[in-house]
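# Summary of structural features
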Amino acid sequence: LPQLEALGINLAYCQKIANPGIAALADGLDNLKSLVVLKICLYNLVKIGNDGIVPVVKKLGALRSLQTLHLNFFWCSGFGDDGLAALGAELQQLVDLREFSINLKDCGKVGDDGVTHLGQALGKVNKLQRVVLDLQWLRSIQDAGVMEVAKGLAA
């Protein structure tokens, strides 16, 4: 469906899905060059980690028409700093991105390094108008990580 402009994928509570299933979604993103809105919800997929999510986020930078990106990784307990680093690298390529939200609630492997990558990347996306960062229950982040996010948002 190369003409597709909006895509929402909600897999909340599909707890039998693991990394290979999520990683397979990456192949489906290859031909969606007209995509303007992408929403992915992986809420409470506790078997999901960087191995599943990183292949998906590595496809985002090629979606040059993307203006709205909503990611919900609440309770993806295996998702962490390496995943956010990959996401940050891709976000910087989305030159038309105007709206971005990410829910990282209780992603236990996210720490200062991950939120630093995210903050730095957001500072380089010039057309952003709306940003929502849900960092609740990230017990490993400290002042340094939040300060980097603040710097990125102020850029």
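Above: the structure in question.
Keep in mind the model is a prediction, meaning the values are calculated, not measured. (Residues numbered from 1 in each chain as written. Predicted model: local features only at pLDDT ≥ 70, side-chain atom pairs only at ≥ 80, totals over all residues. Heavy atoms only, no water.)

Before going further, it helps to spend a moment on helix α4 (residues 112-122). In terms of residue burial, α4 counts as a mostly covered element, since eight of its 11 residues are buried. Of the positions making up α4, those classed as buried are D112, G114, V115, T116, L118, G119, A121 and L122. Where α4 is buried, its residues touch α3 (81-91), β4 (99-103), β5 (130-134) and α5 (143-154). (Buried < 20%, exposed > 50% of the residue type's maximum accessible area, 1.4 Å probe, protein only. Helix = DSSP H or I, 4+ residues; strand = E, 2+ residues; numbered from the N terminus. Contact = heavy atoms within 4.5 Å.)

Counting through the fold element by element, E90 comes out in helix α3. Notably, E90 is buried but unbridged: the nearest opposite-charge side chain belongs to K58, and the N-O separation is 7.0 Å. Every residue in contact with E90, bar those within four places of it in the chain, is listed here: V57, K58, L60, G61 and A62. (Lys, Arg positive; Asp, Glu negative; His and termini not counted. Salt bridge = Lys/Arg side-chain N within 4 Å of Asp/Glu carboxyl O.)

Quick look at the sheet that holds β4 now. Strand order in the open sheet formed by five strands is β1-β2-β3-β4-β5, with parallel pairing between adjacent strands. Among the strands making up the open sheet, the edge pair consists of β1 (6-10) and β5. Averaged over all neighbouring strand pairs, the angle between strand axes comes to 5°, with direction disregarded. The pairing of strand β3 (residues 68-72) with β4 spans five bridges and is parallel. Opposite T68, over in β4, you have E99 as the bridge partner. (Pairing = 2+ DSSP bridges. Axes fitted to C-alpha atoms, helices over the stretch in contact; angles between N-to-C directions.)

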